Amino acid sequence: MLPHIYVEQSPMSVPVPLRGYIKRPDYIVGIPHVGMVAFDVKAKTLYPEGLVFDLDEIRKLRAFARMFRITIYFACLDPEGGYLAYWVRLDQLDGVPLQHMARKAVLVLPLDQAQPVDMRASFYEAFLDAVALV
């Protein structure tokens, strides 16, 4: 088992000057001999266009990543359940064009750019696939 912590999410646990400026990921995972990575877990519906991410949330997570110098992944789980999830590294969204859905600014990542993850596999195997140099 890898060392990990759940990041407490109540608004009161964020210093007042940072409230509304950063968003904390859900988990920080220690990878032996590598360092730390963070994961923000999301229930994401799979649309034909891809995975939809809220721009405001992305900006706040980017601020957190810069401030703490940590790589953040989204772990996107199907709200219907099942074993297939997708990991998306936050910086993969940097070049995605801005769109609007229901009057909200969003980024839509095509599914073929996300890392499929079998939730029955070990975290270590999934992480090695995610960082593999192709």
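Anyway, here's the lowdown on the structure attached to this text.

Rules of the game
Every residue gets a number counted from 1 within its own chain, in the order that chain's sequence is written. Predicted model: local features are reported for residues with pLDDT of at least 70 only, side-chain atom pairs are reported and counted for 80 or more only, and whole-chain, interface and lining totals are derived from all residues. To get the side-chain values, all heavy atoms of the structure are used, and hydrogens and water are removed first. The numbering of helices and of strands both runs from the N terminus, where a helix is a DSSP run of H or I of at least 4 residues and a strand a run of E of at least 2. Working rule for contacts: check all heavy atoms of both residues, and any pair within 4.5 Å makes them a contact. Pairs of N or O atoms within 3.5 Å make up the polar contacts considered here, provided that, within protein, one atom can donate a hydrogen while the other can accept it, and that residues adjacent in sequence are counted only when both atoms are side-chain atoms. Pairing between strands is defined by DSSP: at least two bridges between the two strands are required. Only protein chains enter the area calculation, which uses a 1.4 Å probe; residues under 20% of their type maximum are buried, those over 50% are exposed, and those in between are partly exposed. For this quantity, the arc is that covered by the directions from the helix axis to the C-beta atoms. Axes, fitted as lines to C-alpha atoms, cover a helix only where it is in contact. Angles between the N-to-C directions of the axes lie from 0 to 180 degrees. Definition used in this section: a nonpolar core is a set of buried Ala, Val, Leu, Ile, Met, Phe, Trp, Tyr and Cys residues joined via side-chain atoms within 4.5 Å.

### Regarding the environment of His4
When you line up the elements, His4 lands in strand E1 (residues 4-6). Through-space distance from the C-alpha of His4 to that of Gly20 is 25 Å; in sequence the pair is 16 residues apart. Setting aside its immediate chain neighbours within four residues, His4 contacts Tyr27, Ile28 and Val29. Here Leu2 takes part through its backbone oxygen, which lies 3.1 Å from a polar atom of the side chain of His4.

### Observations regarding the pairing of strand E7 (residues 98-101)
The pairing of E7 with strand E8 (residues 104-109) spans four bridges and is antiparallel. In the sheet register, His100 faces E8, and the bridge partner there is Ala105. From the end of E7 to the start of E8, which pair antiparallel, there are two residues, and Ala102 there has a positive phi angle of about 50°.

### Comments concerning helix H2 (residues 123-131)
Among the residues of H2, those classed as buried are Ala126, Phe127 and Ala130. Looking straight down H2, one finds that the buried residues subtend no more than 100° of arc, so they occupy a single side.

### A word on the sheet that holds E8
Reading across from one edge, E4-E8-E7 is the order of the three strands in this open sheet, with antiparallel pairing throughout. The open sheet is flanked by strand E4 (51-54) and E7, the only strands paired with a single partner. Taken over all neighbouring pairs, the strand axes of this sheet differ in orientation by 50° on average, direction set aside. This element, helix H1 (residues 55-68), spans E4, E7 and E8 of the sheet and lies at about 70° to E4.

### A closer look at the nonpolar core
Residues Phe53, Ile72, Phe74, Val88 and Leu93 are the most contacted members of the largest nonpolar core, which totals 25 residues. Secondary structure elements with two or more residues in this core: E4, H1, strand E5 (71-77), strand E6 (84-89) and E8. Sorting elements by how many residues they give to this core places H1 first, with six residues. In this structure, Ile31, Phe39, Ala75 and Phe127 belong to the second largest nonpolar core, which totals 12 residues.

### Looking at the environment of Asp118
With respect to the helices, strands and loops of the structure, Asp118 is situated in strand E9 (residues 115-118). Sequence separation of Asp118 and Leu84 is 34 residues, and the distance between their C-alpha atoms is 5.0 Å. For Asp118, the side chain forms a polar contact with the main-chain nitrogen of Arg120, separated by 2.8 Å.

Coordinates in, geometry out; function isn't part of it.
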